[in-house]
Amino acid sequence: MHHVLWVKLLGYAGLIPFVLLALAAGYTVSVTMLHLLVVYSFGIFSFLVGSWWGIGLLRYQTLVLCLSNALFLIAATLFAWLSLEQWLAVSGILFVIIFLIEGRLAAFVRQPDYYRRLRLHLTLGVAISQFCLYAWIS
């Protein structure tokens, strides 16, 4: 149970910057807060699809390796080309997409139920905070 508690604690701790930076950026109309949120969002997205690389290696899943690279390259390209505001909406969609892909691939079947629920909550929290801020500032 100790491990599960740490996973949940670290997961929700990672959600805090999404929510606080979105609130700060919306309330103060601060480009600095918006920029921090966008960079944090790209970093977390990169972390998640980067973790797929290890999963793909350990489970001999070439598709997971390829998807990890493809999703990172798509996100990096969009991150470089889109405005800060546009990235909010697009990355919210990207987080939902990777959650949905994880639910369909055999490499992720072994995820514990508590983790799957946690990822759902975190994905919704990230997407909602980003979509709300996008709607507020656009």
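Residues numbered from 1 in each chain as written. Predicted model: local features only at pLDDT ≥ 70, side-chain atom pairs only at ≥ 80, totals over all residues. Heavy atoms only, no water.

Some thoughts on the overall build of the protein
- Across its full length, the protein holds five helices and zero strands.
- The globule rule puts the C-alpha radius of gyration for 138 residues at 14 Å, and the 15 Å found for the protein is close to it.
- In terms of principal-axis extent, the alpha carbons of the protein reach across some 45 × 35 × 20 Å.
- For the protein, the residues scored as buried account for 37% of the 138 residues in total. (Helix = DSSP H or I, 4+ residues; strand = E, 2+ residues; numbered from the N terminus. Rg over C-alpha atoms; globule rule 2.2 N^0.38 Å. Buried < 20%, exposed > 50% of the residue type's maximum accessible area, 1.4 Å probe, protein only.)

Concerning the packing of helix α2 (residues 31-58) against helix α4 (residues 84-104)
- Viewed as axis vectors pointing N to C, α2 and α4 meet at an angle of 25°, and their least axial separation amounts to 10 Å. If you check the angle between α2 and α4, you find them roughly parallel. For α2 against α4, the interelement crossing comes out left-handed. Across from Val31, Leu34, His35, Leu37, Val38, Ser41, Phe42, Ile44, Phe45, Leu48, Val49 and Trp52 in α2, the residues of α4 making contact are Leu84, Glu85, Trp87, Leu88, Ser91, Leu94, Phe95, Ile98, Ile101 and Glu102.
- In terms of residue class, the contact of α2 with α4 is made up of 17 nonpolar, three polar and two charged. (Axes fitted to C-alpha atoms, helices over the stretch in contact; angles between N-to-C directions. Parallel < 35°, antiparallel > 145°, perpendicular 65-115°, else oblique. Left-handed = near helix turned anticlockwise from the far one by under 90°. Contact = heavy atoms within 4.5 Å. Nonpolar A, V, L, I, M, F, W, Y, C, P; charged D, E, K, R; others polar.)

Some points on the side chain of Glu102
- The topology assignment puts Glu102 in helix α4.
- Once residues within four sequence positions are removed from consideration, Glu102 is found in contact with Trp52, Phe108, Gln111, Arg116 and Arg119.

Concerning the side chain of Ser46
- Topologically, Ser46 is positioned in helix α2.
- What makes Ser46 buried here is its relative accessible area of 18%.
- From its side chain, Ser46 meets the backbone oxygen of Phe42 in a polar contact 2.9 Å long. (Polar contact = N/O pair within 3.5 Å; in protein donor to acceptor, adjacent residues only side chain to side chain.)

Considering α2
- Taking 1.5 Å per residue, 28 residues should reach 40 Å; α2 reaches 41 Å between its end C-alpha atoms and fits that length.
- Its buried side turned inward, α2 meets α1 (2-28), α3 (62-81), α4 and α5 (113-137).
- The residue sitting at the N-terminus of α2 and contributing the capping side-chain oxygen is Ser30; that oxygen lies 3.3 Å from the backbone nitrogen of Thr32.
- Backbone geometry just downstream of α2 places Tyr60 in the positive-phi region, at approximately 55°. (Expected span 1.5 Å × (residues − 1).)

Geometric descriptors of this kind do not, in isolation, establish any biological role.
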